[in-house]
Amino acid sequence: MIDRVEMTEAQKKARRSRSAAIGIALAILVVLFYVVTIVKVGPGILNRPL
């Protein structure tokens, strides 16, 4: 049987803060990659025919 360890409220808050920071960092990275791609390929990529 596995014993479960209950986290304190401070640990839960710290985990939420870390998760939010990681999520924000990932979102910034996605936007950065998108911007770099548009700059390298050129804005004409948005006007291509489907």
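About the criteria used
- Residues numbered from 1 in each chain as written.
- Predicted model: local features only at pLDDT ≥ 70, side-chain atom pairs only at ≥ 80, totals over all residues.
- Heavy atoms only, no water.
- Helix = DSSP H or I, 4+ residues; strand = E, 2+ residues; numbered from the N terminus.
- Rg over C-alpha atoms; globule rule 2.2 N^0.38 Å.
- Buried < 20%, exposed > 50% of the residue type's maximum accessible area, 1.4 Å probe, protein only.
- Areas by Shrake-Rupley, 256 points an atom, 1.4 Å probe, with all protein chains shown as cover.
- UniProt positions renumbered as here; feature names shortened; annotations may be inferred.
- Salt bridge = Lys/Arg side-chain N within 4 Å of Asp/Glu carboxyl O.

Going by an unreviewed UniProt entry, the chain carries the name CoxF protein and comes from Hoeflea marina.

K.L.:
Could you give an account of the overall build of the chain, naming the residues involved and the relevant values?
P.N.:
Counting secondary structure elements, the chain contains one helix and zero strands. For 50 residues, the compact-globule estimate of 2.2 N^0.38 gives 10 Å, and the chain exceeds it by more than 25% at 20 Å. On the principal axes, the C-alpha backbone points of the chain span a range of 60 × 25 × 15 Å. Buried residues in the chain amount to 2% of all 50 residues. For the chain, the accessible surface area stands at approximately 5100 Å², while carbon and sulfur atoms represent 68% of it.

K.L.:
Can you lay out the UniProt feature "transmembrane region" (unreviewed entry) in the chain for me, pointing to particular residues and giving the numbers?
P.N.:
The positions UniProt marks with the feature "transmembrane region" (unreviewed entry) are residues 20-41. Counting secondary structure, residues 20-41 comes out at 100% helix and 0% strand; the distance between its end C-alpha atoms is 32 Å.

K.L.:
Could you give an account of the pattern of salt bridges, naming the residues involved and the relevant values?
P.N.:
One side chain can pair with another of opposite charge once the charged atoms of both are near each other. Tallying each qualifying case throughout the model produces one salt bridge. Salt-bridge contacts for K12 lead to E9; the nearest nitrogen and oxygen are separated by 3.8 Å. Residue K12 and its partner E9 are located together in helix α1 (residues 9-41), separated by three residues, close to a single helical turn. For K12, a relative accessible area of 30% gives the class partly exposed.

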